[in-house]
Amino acid sequence: MIDLLEIKDPSFIKKMTIKELKELAAQIRSFLIESLSKTGGHLSSNLGVVEITIAMYYVFDPEKDKFLFDVGHQSYVHKILTGRAKEFHSLRKYGGLSGYINKDESKYDVWESGHSSTTISAMAGMLLANSNKEDKVVSLIGDSSIMNGVAFEGLNFLGSQRNLTPIIILNDNKMSISKSVGALSKALSRLRGTKLWRGLKRFLIFIFPTFVCNFFHQLKRGIKGLIQQDNIFEDMGFDYYGPIKGNDLRSCIKTLERVKKNTGPVLIHILTQKGKGYAPSEYDKEGDFHGVEPFDIQTGKPLKEHKLNEHSYSEVVANYLLHKRDQAPFFVVNPAMKVGAKMQKFAELYPHDFYDVGIAEEHAADMAAGMALSGKRVVLLYYSTFSQRAYDQILNDIARQNLPVIIGIDRAGVVGEDGPTHQGIYDIAMFQSMPNMTIAMPKDTQDLIGIFNYAFIHNGPMVIRYPRKIIDIYFNTLDYTPIIYPGYETLKKGNDTCVISYGPDVLKILEIVNKYNLDVSVINARFIRPLDKEFLKQAFTSYHTIVVIEQVIRNGSLYQMIVDFANVLSANIQIKTISFDANMILPHGRIDEVLDNYGMSEQDILNIIKGQN
């Protein structure tokens, strides 16, 4: 029995027998379940890759070979094997262990993959730049990640490079966060074959030596090539192995030992069970155990009991869209985040109006544009961080054509435990650079409803941002009728200083102003673009100082837009801001901890309002 907390590096693995490795796999599963039940994190994806990760370290040499994890949240086993089990108590906490690959944590973390589908292109660059052609680069990528266009661009390139030896392990568990969708998912189903065929292959691999298996593998490819062309990976130039039972340690090791000797591109298709070893996660078909809060191991239920009136902004938006759909038809397009966006009920009630397109943000934008050009209303839902992947499509195909697409931007602002690759602080700069784009962010649920109602009558593209935040609200108390038109809202009238913000932050600022009895104005800029120029013209002559506070990078922010407008008018006014420098990389941790440590604490806000910084 290995003490996981005492692991310093992965060299011990090569000295273990198969029996000992199986015991290690069981030990790691127990550790993950126990540890994540206390800290939360990505559970089911990591339980599914225990054997294949151990096999990678057993067969390859991590001191010279490179392991890439696509997406990085399936790297917990890798973290344990490289000596970080003792830090799991701090997982995703401020100053603690990252929930993703982090080059600052370990020399074995070579590619920081917070977004999916990037490792194949990265491995191409590493292989081309590697002077020692004997060193291997291995990518572990999920069945949903490989469906993204970026992954296919990498496959297309590497398949043509016969002098390179990429090893791609396709982890096929039929799930992304939710169930995998699309034609490629069906193609993978056909490649999985029958249970009888898979069993026969495992038996042959077990009884025959490697050189015999390789001979039959090549013979099979030759015969198959004469009669059919139905394997997309072989057609792209890869030597295809599989499907392999990915939770069978012996099969994983034997297959990796075979492909290690290949002289060209290789793709290994493994079948795994997402959530393996923990019954509630194994039977989860909706994706509830993809990312978990601290939970009770016996029941699988979260330790924190959510009250009936506690809802995320994602739930509020989903509830609004259900109510709106009762009144008039429209489409909802969502790239692989049906569960995160809380759209399960909408999809169930209106299956012909809801489209989960998988991890395909660019496709989602163009599909929404096509719907809008056909005269249909469409709501396009993104997480802020993932909307960046569709910049060109939103710019050219939605904004430039001035199409009436409503773009919901979830997780806007600081997102918390997911950390640097998921921060929602860049989207305003992105959307502000686009023509015809209206940008808004509600301070509360009634603002959200009023702004969405306006978006449904607005003749052009519109972005509505909302944060990762739990609020107290009873849905039956909401008024679904108001329409909020562009313009600012004065929450408090004061003298000398005017504080402008938007989203729930403006309510936090109002509390601070009232708490310290400050004689300042507090303005809700619920429409970030267009500027309320009439209000600003008056403000430039009425106040000595304007303070703009926002959870975004300074470049392209509301602050910058107001400064530019003041310069156009040659206004003599001091304009200050609390925002983030574009070179600042915000870490993981609770949202309040990140804000407090990066210039947005209550004291920071108080100081800038009082002119003390």
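Every value quoted in this text rests on a predicted model; they were computed, and no experiment measured them.

Draft legend 1. Representation of the sheet that holds strand 16 (residues 489-492) within the structure. Reading across the sheet, the five strands line up as 16-18-17-20-21 and stay open at both edges, with mixed pairing between neighbours. One side of each edge strand has no neighbouring strand; the edge strands of this open sheet are strand 16 and strand 21 (574-580). On average, each strand axis in the sheet is inclined to that of its neighbour by 25 degrees, with strand direction left out of account. Looking at chain direction, strand 17 (residues 497-501) and strand 20 (residues 545-553) are connected through four bridges and run parallel. Residue pairing across strands places valine 499 opposite valine 547, the latter belonging to strand 20. Docked against the sheet, helix 20 (residues 505-515) engages strand 16, strand 17, strand 18 (520-524) and strand 20, running at close to 165 degrees with respect to strand 18.

Draft legend 2. Structural detail: empty space enclosed by the protein. Tallied over the entire structure, the rule returns two cavities of 30 Å³ or more. Approximately 50 Å³ is the volume found for the second largest cavity. Contributing to the lining of the second largest cavity are Asp505, Lys508, Ile509, Ile549, Gln551, Leu595, Met600 and Ile605. Breaking the lining of the second largest cavity down by element, the ones donating at least two residues are helix 20 and strand 20.

Draft legend 3. The arrangement of the packing of aromatic side chains in detail. Tallied over the entire structure, the rule returns 19 aromatic pairs. An angle of 85 degrees between the planes, with centres 5.8 Å apart, marks the rings of tyrosine 76 and phenylalanine 88 as edge-to-face. Placement of the pair is tyrosine 76 in helix 4 (residues 76-84) and phenylalanine 88 in the loop between helix 4 and helix 5 (119-129), with a sequence separation of twelve residues. For tyrosine 76, a relative accessible area of 0% translates into the label buried.

Draft legend 4. Geometry of a nonpolar patch on the surface. Residues Ile457, Ile483 and Tyr485 make up a contiguous nonpolar surface patch of roughly 300 Å² in combined accessible area. With respect to the helices and strands, tyrosine 485 occurs in the loop between strand 15 (470-472) and strand 16. Tyrosine 485 gets classed as partly exposed once you look at its relative accessible area, which sits at 49%.

Draft legend 5. Quick peek at helix 6 (residues 149-158). All buried positions along helix 6 are accounted for by Ala151, Gly154, Leu155 and Leu158. Summarising the axial view, the buried residues of helix 6 lie within an arc of 100 degrees, below the 170-degree limit, and thus occupy one face. Facing away from the buried side of helix 6 by over 90 degrees, the exposed positions are Glu153 and Asn156. Where helix 6 is buried, its residues meet helix 5, strand 3 (137-142), strand 4 (167-172), helix 10 (232-235) and strand 6 (266-271). Of the residues that open helix 6, the one with a side-chain oxygen 2.8 Å from the backbone nitrogen of valine 150 is asparagine 148.

Draft legend 6. Fine view of the environment of glutamate 282. Looking at the element boundaries, glutamate 282 is found in helix 12 (residues 279-282). For the pair glutamate 282 and glycine 48, spaced 234 residues apart in the sequence, the C-alpha separation amounts to 9.4 Å. Leaving out residues up to four positions away in the same chain, glutamate 282 has contacts with Gln273, Lys274, Gly275, Lys276 and Gly277. Polar side-chain contacts of glutamate 282 include one of 2.7 Å to the backbone nitrogen of glycine 277.

Draft legend 7. Expanded view of the side chain of glutamate 51. For glutamate 51, the location among the structural elements is in helix 3 (residues 50-59). There is a polar contact of 2.7 Å between the side chain of glutamate 51 and the side chain of arginine 29. The contacts of glutamate 51, once residues within four sequence positions are left out, are Ala25, Arg29, Gly246, Asn247 and Leu249.

Draft legend 8. Molecular detail of unusual backbone geometry. Here the bond from aspartate 70 into valine 71 is cis, since omega is 5 degrees, no more than 30 degrees from zero. When you line up the elements, valine 71 lands in the loop between strand 2 (66-70) and helix 4. Put simply, arginine 529 and proline 530 share a cis peptide bond, and its omega is 10 degrees. With a phi close to 55 degrees, serine 570 is a non-glycine residue in the positive phi region.

How each quantity is defined
- Positions within a chain are numbered from 1, following the residues in the order the chain's sequence is written.
- Where totals are concerned, whole chains, interfaces and linings use all residues; where local detail is concerned, this predicted model gives features only for residues with pLDDT of at least 70, and gives and counts side-chain atom pairs only at 80 or more.
- Only heavy atoms go into the side-chain values, all of them from the structure, while hydrogens and water stay out.
- Pairing between two strands requires that DSSP report at least two bridges joining them.
- Runs of E in the DSSP output that reach at least two residues are strands. Runs of H or I that reach at least four are helices, and both are numbered from the N terminus.
- Axis lines are fitted to C-alpha atoms, over the contacting stretch for helices. Their N-to-C directions set the angle, which ranges from 0 to 180 degrees.
- Two residues form a contact once any of their heavy atoms are found within 4.5 Å.
- For each structure, a 1 Å grid was placed over the protein atoms alone; sets of points admitting a 1.4 Å probe that cannot get out are labelled cavities, open sets with protein on both sides within 12 Å along at least five of seven lines are labelled pockets, and lining residues have an atom within 4 Å of a point.
- Grid points are joined across faces, edges and corners, and a volume is the space filled by probe spheres set on the points.
- Any Phe, Tyr or Trp ring, taking Trp's six-membered ring, that has another such ring centre within 6.5 Å forms a pair; planes under 30 degrees apart are called stacked, those over 60 apart edge-to-face, and the others tilted.
- Burial classes follow relative accessibility: with a 1.4 Å probe on protein chains only, a residue under 20% of its type's maximum area counts as buried, one over 50% as exposed, and anything between as partly exposed.
- Patch definition: residues above 30% relative accessible area lacking any salt bridge, with like charges linked at up to 9 Å and the nonpolar side chains Val, Leu, Ile, Met, Phe, Trp and Tyr linked at up to 5 Å.
- Areas reported here follow the Shrake-Rupley algorithm with a probe of radius 1.4 Å; residue values treat only the protein chains shown as occluding.
- What counts as a salt bridge is simple: a side-chain nitrogen of Lys or Arg found within 4 Å of a carboxyl oxygen of Asp or Glu.
- As used here, the arc is the angular range of directions from the helix axis to the C-beta atoms.
- Here a polar contact means two N or O atoms within 3.5 Å. Within protein one must be a hydrogen donor candidate and the other an acceptor candidate, and residues neighboring in sequence count only if both atoms are side-chain atoms.

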